[in-house]
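Tertiary structure, described
Below, each chain spelled out in residue letters.
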Amino acid sequence: MRHSTGFKVFRAAAMVAFAAYFFVPLLAMFDFSIQVRGSAPGRTWDNWALMITDEDLRSSIVASLLLALFTVVLMVALLVPTMVWVRLRVPRAKRLIEFLCLLPLTIPALVIVVGISNVYSWVTYLLGDSALVLTFAYVVLVLPYSYRAIDAALSAIDAATLSEAARSLGAGWFTVIVRIIMPNITSGILGAAFISVALVLGEFVFASLLHFDTLPVAMAALYKSNGPAAMAAALASMILVAVLLVGLTFLSRDRHKQGASS
Amino acid sequence: MVPTLTVVVGAFQDEDGRPTLGNLEALTSEAALTALRGSLILSASTALIGAVLGALLAYLIVSMPPQALMRRATLAVSGVLAQFGGVVLAFAWIATIGPVGVVTNAVLELTGANLYGTGWLFGLPGLIVVYSYFQIPLMVIVFAPAFEGLRPQWREAAINLGASTWDYWRHVAIPLLRPAFLGAVLLLFANAFAAYATAAVLVSQGQPIVPLMIRQAITSEVLLGQANVGFALALEMIVVVTLVMVGYNVLLKRTSRWMR
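The present account deals with the structure reproduced in this document.

Counting secondary structure elements, chain A contains twelve helices and two strands. Start at the N end of chain A and walk to the C end: the helices and strands fall as α-β-β-α-α-α-α-α-α-α-α-α-α-α. In chain A, which comprises 262 residues, the proportion classed as buried is 48%. Within chain A, residue pairs in contact and separated by at least 24 positions form 73% of the contacts whose partners lie at least 6 positions apart. When the accessible surface of chain A is totalled, it reaches about 13000 Å², and 66% of it is carbon and sulfur.

In structure tokens:
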């Protein structure tokens, strides 16, 4: 399509306006996080250092990272064998699994919390009061996104032929899934893992309403006493998530290059 | 699969397991109606703002050559920003136009006007500005494929038949895009309706929207027995979101005839 100069000028101006709307808050957050308020204004990196020195903040960061790790592990352990099994042995159940996996997307997270809070009172009773019990809720939360990523990767390989070949050479189902299928869908699993980590690190609804100290909850609490430090932690987590998600777009581009369908 | 079932069964059981109508009656109280109205205003206005501005941005992106760096960068950034919500987003806006925000201070120094005013950022108007921040990129992601689905041949055909650019948009492009656009509006509506974290950090007093009212109902230590009202409010949310999703699926079916 050809465009007139007028349109190009308008496009450039509009893009600048959008960029301002989207980037000024981020820059403001950065500026805010390195400012010293009060009697002696100036710049400092102290608030960023607080992430390591402050006991509460550090433990919440550790809790969030561990949660992310466990969620990813449990998600892969649950989802991959189930999806492979369904694809190979009971294709009729595919619709049902798909429906179940996409369900959390349509129900507001807040509603899930309301429904789950009774369940959680005995989960914490059985497993102790660590924030890590949130893993179970988070696995549900990341299901829709992980399902799509893994499903796309599984569709791209000929799982039936691969597993039949392995089975006829004497491999058990465990070997088939772990040593044959999983190496072939690495990109899908990685994509699912990235988006899960991003979601878990930003998740606030479950943690705050069920009273667990994850990073977002700690940030919200910290904000009331030390705004700039909370901003620094927020920006750091935001950058980490952005890097993960941008990495994800590169991953999917590589997959397209191999000629696989998405 | 077990967690999904537990949650689904649990979420529905808790609502229906208590067969009293008292909880539903609580929905018609003054406060609950105000919250519902606030939620609907917030979701509808940010869905419209997000949809219009997002569609504009999507068109600007799609009108660039496919290999342009700017185009790919904007799409990637949109992907990140659409996921960007919650606590961090609330902080970003407080740092920008909050009481001692960077932009507030700058405007104050330059013009003497107080952008922060009487605290509008922490009420419904502020929520609209902040929610638009993730609605617009989401619209770009959802709607850019619709623009890409418009074949250049259709435009050439229209122009060969003597249509002006305006005629093309009015009689060909806009009717084709309308179902996709309405579907995207519904999606944005559901997205805003379900969002909680950003509002929870921004708004600490009063319950202008339903999610915050649920928070009050299930965390209240003053009024016992409020939990059931929380269930009723949650049921209200499910009903609204279900209606929206059904509408979305209907529109999606109509669109998919053209977009392939």
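Okay, back to it.
Right, let's talk about the overall build of chain B for a bit. Within chain B, the secondary structure is distributed over twelve helices and zero strands. Counting helices and strands in the order they occur from the N terminus, chain B gives α-α-α-α-α-α-α-α-α-α-α-α. The proportion of buried residues among the 260 residues of chain B is 50%. Considering only residue pairs separated by 6 or more positions, chain B has 73% of its internal contacts joining residues 24 or more positions apart.

Another point: the pattern of salt bridges. Residue and element names in this part refer to chain A. Enumeration over the complete set of coordinates arrives at one salt bridge over all chains. A salt bridge links arginine 87 to aspartate 151, with the shortest nitrogen-to-oxygen separation between them at 2.9 Å. Within this pair, whereas arginine 87 is found in helix 3 (residues 55–88), its partner aspartate 151 is found in helix 6 (residues 135–156), the two being separated by 64 residues in sequence. Residue classification places arginine 87 among the partly exposed residues on the basis of a relative accessible area of 27%.

This paragraph deals with the packing of helix 3 of chain A against helix 8 (residues 173–184) of chain A. All names here are of chain A. For the pair helix 3 and helix 8, the least separation of the axes is 11 Å and the interaxial angle reads 100°. The orientation of helix 3 relative to helix 8 falls into the category roughly perpendicular. Of the residues in helix 8, those touching helix 3 at Val76, Val80, Pro81, Val84, Trp85 and Leu88 are Trp173, Ile177, Ile181 and Met182. Residue composition of the contact of helix 3 with helix 8, by class: ten nonpolar, no polar and no charged.

So, on to the environment of leucine 209 of chain A. All names here are of chain A. Residue placement: leucine 209 occurs in helix 10 (residues 205–209). On the accessibility criterion, leucine 209 (8% relative accessible area) is buried. Residues leucine 209 and methionine 15 lie 194 residues apart in sequence; the distance between their C-alpha atoms is 39 Å.

So, on to the side chain of serine 237 of chain A. Within the secondary structure layout, serine 237 of chain A lies in helix 12 (residues 227–257). Beyond its immediate stretch of four places on either side in the chain, serine 237 of chain A contacts Leu215 and Met219 of chain A together with Val88 of chain B.

Note on placement: phenylalanine 10 of chain A falls in helix 1 (residues 5–33). Those residues in contact with phenylalanine 10 of chain A that lie beyond four places of it in its chain are Leu56 and Leu60 of chain B.

It is worth spelling out the packing of aromatic side chains at this point. Residue and element names in this part refer to chain B. Under the definition given, this model contains nine aromatic pairs over all chains. Aromatic side chains tyrosine 59 and tryptophan 169 sit 5.4 Å apart centroid to centroid with 80° between the ring planes, which places their arrangement in the edge-to-face category. Taken together, the residues tyrosine 59 in helix 3 (residues 30–62) and tryptophan 169 in helix 9 (residues 165–194) connect sequence positions 110 residues apart. Owing to a relative accessible area of 17%, tyrosine 59 belongs among the buried residues under this scheme. Ring centres of tyrosine 131 and phenylalanine 134 lie 5.3 Å apart, and the angle between their planes is 40°; on these two criteria the pair is classed as tilted.

Cut-off values and rules
- Residues numbered from 1 in each chain as written.
- Chains lettered and ligands numbered in written order.
- Predicted model: local features only at pLDDT ≥ 70, side-chain atom pairs only at ≥ 80, totals over all residues.
- Heavy atoms only, no water.
- Helix = DSSP H or I, 4+ residues; strand = E, 2+ residues; numbered from the N terminus.
- Buried < 20%, exposed > 50% of the residue type's maximum accessible area, 1.4 Å probe, protein only.
- Contact = heavy atoms within 4.5 Å.
- Areas by Shrake-Rupley, 256 points an atom, 1.4 Å probe, with all protein chains shown as cover.
- Salt bridge = Lys/Arg side-chain N within 4 Å of Asp/Glu carboxyl O.
- Axes fitted to C-alpha atoms, helices over the stretch in contact; angles between N-to-C directions.
- Parallel < 35°, antiparallel > 145°, perpendicular 65-115°, else oblique.
- Nonpolar A, V, L, I, M, F, W, Y, C, P; charged D, E, K, R; others polar.
- Phe/Tyr/Trp six-rings, centres within 6.5 Å; stacked < 30°, edge-to-face > 60°.

That is the geometry; function is a separate question.
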